[in-house]
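# Structure at a glance
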Amino acid sequence: MAAILIIDDEPGIRLTLGSILEDEKYKVFTAEDALLGLELLNKEKINLVFLDVLLPRLGGMEALEQMRRDFPAVEMVMISGHANVDMAVRAVKLGAFDFLEKPLSLDKVLTVCRNALVMQKLREENRSLKKSAYLSQVEIIGTSAAIKAVREMVKQAAVSDARILLTGENGAGKEVIARAIHLGSSRADGPFVEVNCAAIPETLIESELFGHEKGAFTDAVSSRKGRFEIAHGGTLFLDEIGDMSPSAQAKVLRVIQEQKIERLGGEKTIDTDVRIVAATNKNLEKACEEGRFRQDLLFRLNVIPIRIPPLRERPEDIPLLLCHFLKNLGMELELEVDAQGFLAAYEWPGNVRELKNLAERIAVMYRGSSINAAALEDLLGKKSGESPAGGRPGKDPLPQGIFDRNFNDARDCFEKHYLEFQLSKNGGIISRTAEAIGIYPSNLHAKLRKHQITIPSTKEER
Ligand SMILES: Nc1ncnc2c1ncn2[C@@H]1O[C@H](COP(=O)(O)OP(=O)(O)OP(=O)(O)O)[C@@H](O)[C@H]1O
Ligand SMILES: [Mg+2]
């Protein structure tokens with residue numbers, strides 16, 4: 001049953017309108033002024049308000065504004081005995097559903113009431129659909145201590161307005177975390193605007209960030225808002241900040257200091273209220289030392305640092321994430337014991353994104369209710385423990401006690417293991433191995449002889 005609140009200082013209106021609505025089986029509340037009305041809105045679950053314009057204490061129009069702001073889900077219908085078109089237009093602009101003139105017509109009241117309630121239901125459905133679609137995008141999956149710590153930091157950092165610098169390898173989840181920060185902040189209803197600093201050519205980045213006026217440069221045929229302006233009241237996500245050009249860095253620093261922007265070719269300054277979350281997979285401290293990134297900008301951006309650990313540092317999250325992605329693709333799959341081992345031993349150089357890609361490949365190519373290590377290896381096209389970044393096979397640890405030997409012995413021992421690994425990685429082909437590790441083939445041959453390493457006979461030298 002929908003609940004309706006009538007706010008009118010005339011007792012006659014409260015009585016007649018109230019009894020008409022009660023006859024239609026609505027639950028009715030009444031208040032003789034807007035302040036009492038606000039108290040009822042706080043206490044009761046109300047769907048629709050009939051609000052008089054001329055009221056003592058707090059006027060109807062001001063009350064409308066406040067109620068739309070504080071109770072956006074409640075529909076508002078204004079009623080007045082002194083209505084004019086200007087007033088009606090203003091009310092609708094402030095978010096009223098309709099405007100009725102007194103004396104009220106029974107038919108009109110009931111029609112408006114029904115329509116307003118339908119509208120309210122649609123709006124609510126729309127809101128919850130949008131929210132669930134968005135939430136599924138920003139859900140941070142994982143039960144490892146490492147990801148729990150990140151989640152906790154996100155929760156704490158989100159409520160402040162402090163700038164945050166996210167660091168983490170490719171595909172580790174920087175964007176997911178940035179969105180979660182936005183959603184957990186008081187800016188959640190404002191925009192979340194993303195700028196990929198690496199994807200925008202150096203010549204365009206400033207216009208992209210700050211906007212431009214018509215004629216500011218050759219291609220500026222019309223004026224355009226920049227991302228800072230668009231993000232007003234919300235969060236600006238500066239992704240891959242380490243790739244920003246020095247002149248853009250200088251400008252961003254100025255905007256942060258002054259909280260104002262100027263469009264390219266523009267004269268006036270525009271106030272901005274933007275929370276910056278930046279992200280990078282680079283080591284910015286090192287970039288500063290090498291003069292590629294401004295120390296003062298890093299200092300400003302890095303108020304709260306959050307490091308997102310790579311997937312290999314939180315292996316217990318891997319099966320969980322895989323099952324989550326598969327479920328989203330409408331698939332359920334049991335991981336056999338060796339499959340779990342495989343997932344934990346693999347290096348995941350592409351982190352969660354690589355795992356998500358694997359889930360997509362499974363959904364397209366795999367039929368079966370359970371999966372083992374061999375099938376995963378096939379789908380991934382790689383062996384567990386073998387990383388394109390050049391990791392060593394996990395099954396072949398360095399001999400125990402290597403660190404206790406003298407330097408020459410330890411070096412020889414390492415050299416032997418290293419060469420065996422590189423040779424097998426390069427298919428046993430001497431010329432390819434030599435090129436990959438940067439020595440002459442003749443030199444490699446000599447070393448292999450020294451360590452008595454035999455070349456697999458099936459592989460032919462090319
Ligand atoms: N903890 C997580 N829970 C659920 N999904 C995740 C999680 N972390 C990452 N993802 C998903 O993995 C993919 C990669 O994450 P994201 O784009 O946030 O990584 P990134 O660090 O921004 O990568 P890049 O450096 O390449 O831009 C996305 O599809 C994201 O939804
Ligand atoms: Mg990203």
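Here is a short report on the structure shown in this document. If you're wondering where the values come from, they're calculated on a predicted model, not measured in any experiment. Numbers given for residues are sequential positions, taken from 1 along each chain in its written order. Chains carry letters and ligands carry numbers; both start at the beginning, A for chains and 1 for ligands, and go up in the order they are written. Residues qualify for local features only when their pLDDT is at least 70, as the model is predicted, and side-chain atom pairs are given and counted only at 80 or more; totals for whole chains, interfaces and linings, by contrast, use all residues. Side-chain metrics in this entry use all non-hydrogen atoms of the structure; hydrogen atoms and water are not considered.

### Quick look at the packing of aromatic side chains
For Phe, Tyr and Trp, where Trp contributes only its six-membered ring, two rings pair if their centres lie within 6.5 Å, and the inter-plane angle classes them as stacked under 30 degrees, edge-to-face over 60, or tilted in between. If you walk through the whole model with that rule in mind, you get five aromatic pairs. Both rings, one in Phe414 and one in Tyr418, keep their centres 5.8 Å apart while their planes meet at 20°; by these two values the pair is stacked. Pair noted here: Phe414 and Tyr418 are both in helix α17 (residues 407-425), with a separation of four residues, about one helical turn. Ring pairs connect the aromatic residues Phe342, Tyr346 and Trp348, which therefore count as one cluster. Per the convention used, a helix needs a DSSP run of H or I reaching at least four residues, while a strand needs a run of E reaching at least two, with both numbered from the N terminus.

### So, the pairing of strand β4 (residues 75-80)
Of all six residues in β4, six are buried, a share of seventy percent or more. Of the two faces of β4, the one lined by Glu75, Val77 and Ile79 and the one lined by Met76, Met78 and Ser80 are each fully buried. Of the pairings in the sheet, the one linking strand β3 (residues 48-52) to β4 comprises five bridges and is parallel in character. Opposite Asp52, over in β4, you have Ile79 as the bridge partner. Running through helix α3 (residues 60-70), the crossover from β3 to the neighbouring parallel element β4 is right-handed. Accessibility here uses a 1.4 Å probe with only protein chains present; expressed as a share of the type maximum, an area under 20% marks a residue as buried, one over 50% as exposed, and anything in between as partly exposed. A pair of strands is treated as paired once DSSP finds two or more bridges between them. Clockwise travel from the first strand over the helix to the second, with the strands pointing away from the viewer, marks a crossover as right-handed.

### With respect to unusual backbone geometry
Here the bond from Lys102 into Pro103 is cis, since omega is -5°, no more than 30 degrees from zero. Along the chain, Pro103 falls in the loop between β5 (98-101) and α5 (106-138). Here Arg57, not a glycine, exhibits a phi torsion of approximately 65°, which is positive. Along the chain, Arg57 turns up in the loop between β3 and α3. Classification of Arg57 as exposed rests on a relative accessible area of 61%. Positive phi, close to 55°, is recorded for Gln452, a residue that is not glycine. Relative to the helices and strands, Gln452 resides in the segment after α19 (441-450).

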